[in-house]
Amino acid sequence: MQISDTYPESYWFKSKILTGQDSIELKTGAEVTGTWALELRLDKRVSLERVLGFDFLFSDGPNFISPRLYDILVSSNISGLQFIDADIYIKGKEYKGYKVVNTTNALAAFDSKNSKCEPLLSYIPDGPKKYTDIVLKKDISPAVDIFRAEEDFTVMLAVERVKQLFDSNQIVGVQFKDRLVKNSF
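Residues numbered from 1 in each chain as written. Predicted model: local features only at pLDDT ≥ 70, side-chain atom pairs only at ≥ 80, totals over all residues. Heavy atoms only, no water.

Description of the overall build of the protein
- Counting its regular elements, the protein contains 3 helices and 15 strands.
- Against the globule reference of 16 Å for 185 residues, the protein gives a C-alpha radius of gyration of 17 Å, in line with a compact fold.
- Long-range contacts, defined here as pairs at least 24 residues apart, represent 66% of the contacts in the protein between residues at least 6 apart.
- When the accessible surface of the protein is totalled, it reaches about 10,400 Å², and 48% of it is carbon and sulfur.
- Looking at the protein, you have 24 positive and 26 negative side-chain charges, and the mean spots of the two groups are 5 Å apart. (Helix = DSSP H or I, 4+ residues; strand = E, 2+ residues; numbered from the N terminus. Rg over C-alpha atoms; globule rule 2.2 N^0.38 Å. Contact = heavy atoms within 4.5 Å. Areas by Shrake-Rupley, 256 points an atom, 1.4 Å probe, with all protein chains shown as cover. Lys, Arg positive; Asp, Glu negative; His and termini not counted. Charge placed at Lys NZ, Arg CZ, Asp CG, Glu CD.)

A word on the packing of aromatic side chains
- All told, the structure shown has 10 aromatic pairs when counted by the stated rule.
- Ring geometry for Y11 against F54: centres 5.8 Å apart, planes inclined by 85 degrees, an arrangement best described as edge-to-face. Remark: F54 occurs in the loop between α1 (48-52) and β4 (56-57) and Y11 occurs in the loop between β1 (2-3) and β2 (14-17); sequence separation between them is 43 residues.
- The buried category is assigned to Y11, whose relative accessible area is 4%.
- When its relative accessible area of 4% is taken as the criterion, F54 is described as buried.
- Aromatic pair F64 and Y98: ring centres 6.2 Å apart, planes at 65 degrees, arrangement edge-to-face. On the criterion of sequence distance, the pair formed by F64 in strand β5 (residues 64-65) and Y98 in the loop between β7 (93-95) and β8 (99-103) is long-range, its members being 34 residues apart.
- Assessed through its relative accessible area of 0%, F64 is described here as buried.
- Here the aromatic cluster, defined as three or more aromatic residues joined through ring pairs, consists of Y7, Y11, W12, F54, F56 and F58. (Phe/Tyr/Trp six-rings, centres within 6.5 Å; stacked < 30°, edge-to-face > 60°. Buried < 20%, exposed > 50% of the residue type's maximum accessible area, 1.4 Å probe, protein only.)

A look at unusual backbone geometry
- Although it is not a glycine, N77 adopts a positive phi angle of roughly 55 degrees.
- Turning to its location among the elements, N77 is positioned in the loop between α2 (67-75) and β6 (81-90).
- Under the relative-accessibility criterion, N77 is labelled exposed at 61%.
- Unlike most non-glycine residues, K91 shows phi in positive territory, near 55 degrees.
- Within the secondary structure layout, K91 lies in the loop between β6 and β7.
- Under the relative-accessibility criterion, K91 is labelled partly exposed at 47%.

Some points on the UniProt feature "domain: Immunity MXAN-0049 protein" (unreviewed entry) in the protein
- UniProt annotation of "domain: Immunity MXAN-0049 protein" (unreviewed entry) refers to residues 61-178 when read in the numbering used here.
- The span residues 61-178 is 15% helix and 39% strand, and its two end C-alpha atoms sit 25 Å from each other. (UniProt positions renumbered as here; feature names shortened; annotations may be inferred.)

A short note on the sheet that holds strand β9 (residues 106-107)
- Strand order in the open sheet formed by 3 strands is β9-β12-β13, with mixed pairing between adjacent strands. At either end of the open sheet lies a strand with only one pairing partner, and these are β9 and β13 (152-158). (Pairing = 2+ DSSP bridges.)

Some thoughts on the environment of K16
- With respect to the element layout, K16 can be found in strand β2.
- Residues within four places of K16 in sequence aside, it is in contact with A37, L38 and E39.

Re the pattern of salt bridges
- Per the stated rule, a full pass over the model turns up 6 salt bridges.
- Two residues, K99 and D85, come together in a salt bridge whose shortest N-O distance is 2.2 Å. Of this pair, K99 sits in strand β8 while D85 sits in strand β6, placing them 14 residues apart in sequence.
- Two residues, K96 and E94, come together in a salt bridge whose shortest N-O distance is 3.2 Å.
- On the basis of relative accessibility, which here comes to 63%, the residue K96 falls in the exposed class. (Salt bridge = Lys/Arg side-chain N within 4 Å of Asp/Glu carboxyl O.)

Some words on a nonpolar patch on the surface
- Together, L120, L121, Y123 and I124 make up an exposed nonpolar region whose accessible area comes to about 400 Å².
- As for its position among the elements, I124 is in the loop between β10 (116-119) and β11 (129-135). (Patch = residues over 30% accessible without salt bridge, like charges linked within 9 Å, V, L, I, M, F, W, Y side chains within 5 Å.)

See the structure below:
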């Protein structure tokens, strides 16, 4: 799963975690605990109707979803997600029912033989890797429907059932690919 090619850069929200946690905690593939108060703002000049037409939205911190997508995910028993209430503001007006999405599981999912990577830091060649071409393993057996890749926490993956659910409900803002090429870092 990744951001849709049709999601405008001008629709990226500014995030603020009012309770002090680091938003990176929401991308580790683990459930978070405690009280979270999140505020997501979009104050740019945008088409309100178009922004509200997206079901999967992005920010400089966590990803979040529309009330419609939340209802679809919950009623379909999609596993591997934790939902956190968020205060959403567009041009100063609050919109209710939006949820930050936290994936609660991570799984080794990259085909190491066919994926391409390079050291994130050149002076630590055996350290963290930056993947530029990702090929998924053919034999992944996740215990949940949506999860993060252990190899690269920015990569969210989903089983075919989720893709079909999103397609049949015409979910806007996210797309599915079998192979990822990450050129711009």
